[in-house]
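Listed below, chain by chain, are the residues.
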Amino acid sequence: MLYEVRTYTFAPGDLPEFERGFAEALPARVKYSPLGAFWRSEFGALNQTIHVWPYDDYAQRQEARAAAAQDPHWPPRHTATLLHMESEICVGAPFMRDWSGEQELGGVYEMRTYTYKPGTIPTVIERWSEAIVHREKFSPLAAAWYTDVGSLNRWTHIWPYASLAERDEVRAASFEDPNWPPDTREFLLSMESRILTPAPFSPLR
(Lines give C-alpha, C1' and ligand atoms only; values in the text may rest on other atoms or scores of the structure.)
Protein backbone atom coordinates (compact mmCIF):
# COMPACT_ATOMS: atom_id res chain seq x y z
CA MET A 1 0.00 0.00 0.00
CA LEU A 2 0.96 3.61 -0.62
CA TYR A 3 0.09 6.43 1.76
CA GLU A 4 0.05 10.04 0.68
CA VAL A 5 0.78 12.14 3.74
CA ARG A 6 -0.28 15.75 3.22
CA THR A 7 0.79 18.30 5.84
CA TYR A 8 -0.76 21.78 5.71
CA THR A 9 0.35 24.69 7.87
CA PHE A 10 -2.07 27.55 8.55
CA ALA A 11 -1.94 31.04 9.96
CA PRO A 12 -2.60 31.01 13.73
CA GLY A 13 -6.30 30.57 14.43
CA ASP A 14 -7.25 29.52 10.89
CA LEU A 15 -7.03 25.73 11.23
CA PRO A 16 -10.64 25.28 12.49
CA GLU A 17 -11.96 27.05 9.39
CA PHE A 18 -10.09 24.68 7.09
CA GLU A 19 -11.25 21.68 9.09
CA ARG A 20 -14.86 22.83 8.78
CA GLY A 21 -14.58 23.13 5.01
CA PHE A 22 -12.78 19.80 4.76
CA ALA A 23 -15.52 18.02 6.72
CA GLU A 24 -18.23 19.50 4.50
CA ALA A 25 -16.47 18.49 1.28
CA LEU A 26 -15.24 15.08 2.40
CA PRO A 27 -18.31 13.07 1.25
CA ALA A 28 -17.57 14.21 -2.30
CA ARG A 29 -13.90 13.20 -2.11
CA VAL A 30 -14.36 9.72 -0.63
CA LYS A 31 -16.43 8.71 -3.62
CA TYR A 32 -13.09 8.26 -5.41
CA SER A 33 -10.86 6.86 -2.66
CA PRO A 34 -11.07 6.67 1.14
CA LEU A 35 -9.51 8.99 3.67
CA GLY A 36 -7.17 7.12 6.00
CA ALA A 37 -6.71 9.63 8.82
CA PHE A 38 -6.95 13.33 9.62
CA TRP A 39 -5.06 14.79 12.56
CA ARG A 40 -4.34 18.20 14.08
CA SER A 41 -0.97 18.99 15.65
CA GLU A 42 -0.98 19.63 19.40
CA PHE A 43 2.76 19.44 20.25
CA GLY A 44 5.64 20.09 17.87
CA ALA A 45 4.96 22.27 14.83
CA LEU A 46 1.59 23.92 15.51
CA ASN A 47 -1.32 25.05 13.32
CA GLN A 48 -0.96 21.96 11.14
CA THR A 49 -3.28 19.33 9.77
CA ILE A 50 -2.01 15.98 8.56
CA HIS A 51 -4.32 14.00 6.32
CA VAL A 52 -3.40 10.62 4.95
CA TRP A 53 -4.80 9.03 1.80
CA PRO A 54 -4.13 5.31 1.22
CA TYR A 55 -3.88 3.91 -2.30
CA ASP A 56 -3.24 0.48 -3.75
CA ASP A 57 -0.61 1.89 -6.10
CA TYR A 58 0.39 5.01 -8.05
CA ALA A 59 -2.12 4.28 -10.80
CA GLN A 60 -5.03 4.33 -8.34
CA ARG A 61 -3.76 7.57 -6.82
CA GLN A 62 -3.59 9.23 -10.22
CA GLU A 63 -7.06 8.04 -11.20
CA ALA A 64 -8.67 9.07 -7.90
CA ARG A 65 -7.09 12.51 -7.84
CA ALA A 66 -8.00 13.16 -11.48
CA ALA A 67 -11.62 12.20 -10.85
CA ALA A 68 -11.81 14.28 -7.66
CA ALA A 69 -10.43 17.32 -9.48
CA GLN A 70 -13.49 17.20 -11.76
CA ASP A 71 -15.92 17.18 -8.83
CA PRO A 72 -17.45 20.63 -8.18
CA HIS A 73 -17.49 19.97 -4.42
CA TRP A 74 -13.75 19.30 -4.13
CA PRO A 75 -11.30 20.70 -3.02
CA PRO A 76 -12.76 22.12 0.21
CA ARG A 77 -13.98 25.71 0.26
CA HIS A 78 -12.56 27.78 3.11
CA THR A 79 -11.12 31.19 3.97
CA ALA A 80 -8.19 29.91 6.04
CA THR A 81 -4.75 31.29 5.21
CA LEU A 82 -2.62 28.39 4.04
CA LEU A 83 1.06 29.10 4.63
CA HIS A 84 2.67 25.86 3.47
CA MET A 85 1.71 22.54 1.87
CA GLU A 86 3.82 19.40 1.87
CA SER A 87 3.11 16.00 0.36
CA GLU A 88 5.04 12.77 0.77
CA ILE A 89 4.30 9.38 -0.74
CA CYS A 90 5.11 6.58 1.67
CA VAL A 91 5.19 2.79 1.48
CA GLY A 92 3.63 0.85 4.33
CA ALA A 93 5.73 -1.61 6.30
CA PRO A 94 4.81 -5.29 5.85
CA PHE A 95 3.64 -5.50 9.46
CA MET A 96 1.47 -2.35 9.34
CA ARG A 97 -2.16 -2.82 10.40
CA ASP A 98 -4.99 -2.75 7.86
CA TRP A 99 -6.56 0.71 7.62
CA SER A 100 -9.83 -0.48 6.08
CA GLY A 101 -12.87 1.06 7.74
CA GLU A 102 -13.11 3.10 10.92
CA GLN A 103 -10.96 2.28 13.94
CA GLU A 104 -11.03 3.82 17.40
CA LEU A 105 -7.52 3.38 18.75
CA GLY A 106 -7.02 6.40 21.00
CA GLY A 107 -7.57 10.11 21.43
CA VAL A 108 -3.86 10.97 21.27
CA TYR A 109 -1.42 9.90 18.55
CA GLU A 110 2.33 10.23 18.59
CA MET A 111 3.95 10.50 15.17
CA ARG A 112 7.66 9.73 15.37
CA THR A 113 9.81 10.29 12.28
CA TYR A 114 13.39 9.09 12.10
CA THR A 115 15.84 9.90 9.32
CA TYR A 116 18.33 7.14 8.58
CA LYS A 117 21.50 6.87 6.53
CA PRO A 118 20.87 6.24 2.83
CA GLY A 119 20.45 2.58 1.95
CA THR A 120 19.61 1.40 5.47
CA ILE A 121 15.79 1.42 5.41
CA PRO A 122 15.56 -2.28 4.36
CA THR A 123 17.62 -3.25 7.42
CA VAL A 124 15.49 -0.99 9.62
CA ILE A 125 12.34 -2.74 8.40
CA GLU A 126 13.89 -6.16 8.98
CA ARG A 127 14.83 -5.34 12.57
CA TRP A 128 11.48 -3.73 13.30
CA SER A 129 9.69 -6.77 11.86
CA GLU A 130 11.43 -8.95 14.43
CA ALA A 131 10.84 -6.59 17.37
CA ILE A 132 7.36 -5.14 16.83
CA VAL A 133 5.55 -8.07 18.45
CA HIS A 134 7.28 -7.23 21.71
CA ARG A 135 6.29 -3.55 21.57
CA GLU A 136 2.66 -4.30 20.75
CA LYS A 137 2.31 -6.18 24.02
CA PHE A 138 2.00 -2.72 25.56
CA SER A 139 -0.01 -0.75 22.96
CA PRO A 140 -0.91 -1.08 19.27
CA LEU A 141 1.00 0.37 16.36
CA ALA A 142 -1.27 2.50 14.17
CA ALA A 143 1.07 2.94 11.21
CA ALA A 144 4.63 2.47 9.99
CA TRP A 145 5.97 3.61 6.63
CA TYR A 146 8.99 4.94 4.79
CA THR A 147 9.14 7.72 2.21
CA ASP A 148 9.22 6.88 -1.49
CA VAL A 149 8.64 10.43 -2.80
CA GLY A 150 9.52 13.55 -0.81
CA SER A 151 12.14 13.76 1.92
CA LEU A 152 13.86 10.41 1.58
CA ASN A 153 15.26 7.91 4.09
CA ARG A 154 12.52 8.81 6.58
CA TRP A 155 10.84 6.18 8.74
CA THR A 156 7.58 7.15 10.44
CA HIS A 157 5.76 5.20 13.13
CA ILE A 158 2.50 6.31 14.73
CA TRP A 159 1.26 5.21 18.15
CA PRO A 160 -2.23 5.78 19.59
CA TYR A 161 -2.86 6.33 23.29
CA ALA A 162 -5.87 7.09 25.44
CA SER A 163 -4.02 10.04 26.99
CA LEU A 164 -0.59 11.57 27.43
CA ALA A 165 -0.40 9.88 30.82
CA GLU A 166 -0.93 6.49 29.21
CA ARG A 167 1.78 7.33 26.69
CA ASP A 168 4.28 7.91 29.48
CA GLU A 169 3.29 4.68 31.23
CA VAL A 170 3.42 2.55 28.07
CA ARG A 171 6.74 3.90 26.90
CA ALA A 172 8.31 3.38 30.33
CA ALA A 173 7.04 -0.21 30.44
CA SER A 174 8.14 -1.01 26.88
CA PHE A 175 11.70 0.10 27.55
CA GLU A 176 11.91 -2.53 30.27
CA ASP A 177 11.55 -5.20 27.59
CA PRO A 178 15.02 -6.32 26.40
CA ASN A 179 13.64 -6.90 22.89
CA TRP A 180 12.59 -3.27 22.43
CA PRO A 181 13.49 -0.94 20.80
CA PRO A 182 15.06 -2.54 17.70
CA ASP A 183 18.76 -1.81 17.37
CA THR A 184 18.96 0.75 14.56
CA ARG A 185 20.90 3.51 16.31
CA GLU A 186 23.97 2.94 14.13
CA PHE A 187 21.98 4.19 11.11
CA LEU A 188 20.11 7.03 12.82
CA LEU A 189 20.70 10.65 11.74
CA SER A 190 17.81 12.54 13.35
CA MET A 191 14.55 12.08 15.26
CA GLU A 192 11.41 14.15 15.64
CA SER A 193 8.11 13.65 17.42
CA ARG A 194 4.69 15.26 17.13
CA ILE A 195 1.59 14.78 19.26
CA LEU A 196 -1.60 14.73 17.22
CA THR A 197 -5.32 14.51 17.90
CA PRO A 198 -7.84 13.12 15.38
CA ALA A 199 -10.62 15.19 13.90
CA PRO A 200 -14.16 13.90 14.59
CA PHE A 201 -14.48 12.73 10.97
CA SER A 202 -11.13 10.92 10.89
CA PRO A 203 -11.56 7.17 10.18
CA LEU A 204 -8.63 6.54 12.49
CA ARG A 205 -9.43 8.02 15.90
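The structure this text deals with has already been given above.
Residues numbered from 1 in each chain as written. Predicted model: local features only at pLDDT ≥ 70, side-chain atom pairs only at ≥ 80, totals over all residues. Heavy atoms only, no water.

A. View of the environment of Glu24. Tracing the sequence through the fold places Glu24 in helix H1 (residues 15-29). Judged by its relative accessible area of 56%, Glu24 is exposed. C-alpha separation for the pair Glu24 and Ala143, spaced 119 residues apart in sequence, amounts to 26 Å. (Helix = DSSP H or I, 4+ residues; strand = E, 2+ residues; numbered from the N terminus. Buried < 20%, exposed > 50% of the residue type's maximum accessible area, 1.4 Å probe, protein only.)

B. The arrangement of the layout of surface pockets in detail. A volume near 380 Å³ is recorded for the largest pocket. In this structure, the largest pocket is lined by 20 residues; those nearest its centre are Tyr114, Phe175, Pro181, Pro182 and Met191. Residue composition of the lining of the largest pocket, by class: 11 nonpolar, 3 polar and 6 charged. (1 Å grid on protein atoms, 1.4 Å probe; cavity = no way out; pocket = protein on both sides within 12 Å on 5 of 7 lines; lining within 4 Å. Points joined across faces, edges and corners; volume = space filled by probe spheres on them. Nonpolar A, V, L, I, M, F, W, Y, C, P; charged D, E, K, R; others polar.)

C. Main features of the pairing of strand S6 (residues 143-149). Relative to S6, strand S4 (residues 82-92) runs antiparallel, the two being bridged by 4 bridges. Opposite Gly92, over in S6, you have Trp145 as the bridge partner. The hairpin formed by S6 and strand S7 (residues 154-161) contains 4 residues between the paired strands, and Gly150 there has a positive phi angle of roughly 120°. (Pairing = 2+ DSSP bridges.)

D. Looking closely at the pattern of salt bridges. One pass over the full model with this rule turns up 15 salt bridges. A salt bridge links Glu4 to Arg61, with the shortest nitrogen-to-oxygen separation between them at 2.9 Å. In this pair, Glu4 is assigned in strand S1 (residues 2-10) and Arg61 in helix H2 (residues 58-69), connecting sequence segments 57 residues apart. Look at Arg61 and you get partly exposed, because its relative accessible area is 22%. The residue Arg127 makes a salt bridge to Glu186 at a minimum N-O spacing of 2.9 Å. Pair noted here: Arg127 is in helix H3 (residues 121-135) and Glu186 is in the loop between helix H4 (164-174) and strand S8 (188-198), with a separation of 59 residues, a long-range link. For Arg127, a relative accessible area of 27% translates into the label partly exposed. Overall, the relative accessible area of 45% leaves Glu186 in the partly exposed class. (Salt bridge = Lys/Arg side-chain N within 4 Å of Asp/Glu carboxyl O.)

E. Examining the sheet that holds strand S3 (residues 48-55) more closely. One closed barrel accounts for 8 strands, arranged S1-S3-S2-S8-S5-S7-S6-S4; its pairing is antiparallel. Each neighbouring strand pair of the sheet contributes to a mean axis angle of 35°, computed without reference to strand direction. The pairing of S1 with S4 spans 9 bridges and is antiparallel. What sits directly across from Val5, in S4, is Glu88. (Axes fitted to C-alpha atoms, helices over the stretch in contact; angles between N-to-C directions.)

F. H4, seen in detail. Looking only at H4, the buried set comprises Arg167, Val170 and Ser174. Viewed end-on, H4 has its buried residues packed into an arc of 75°, placing them on one side of the element. If you follow the buried residues of H4, they end up packed against strand S5 (108-116), H3, S7 and S8. (Arc of directions from axis to C-beta. Contact = heavy atoms within 4.5 Å.)

G. Quick look at the side chain of His157. Considering the arrangement of structural elements, one finds His157 in strand S7. Polar side-chain contacts of His157 include one of 2.9 Å to the side chain of Trp159. (Polar contact = N/O pair within 3.5 Å; in protein donor to acceptor, adjacent residues only side chain to side chain.)

In short, shape yes, function no, at least from these values alone.
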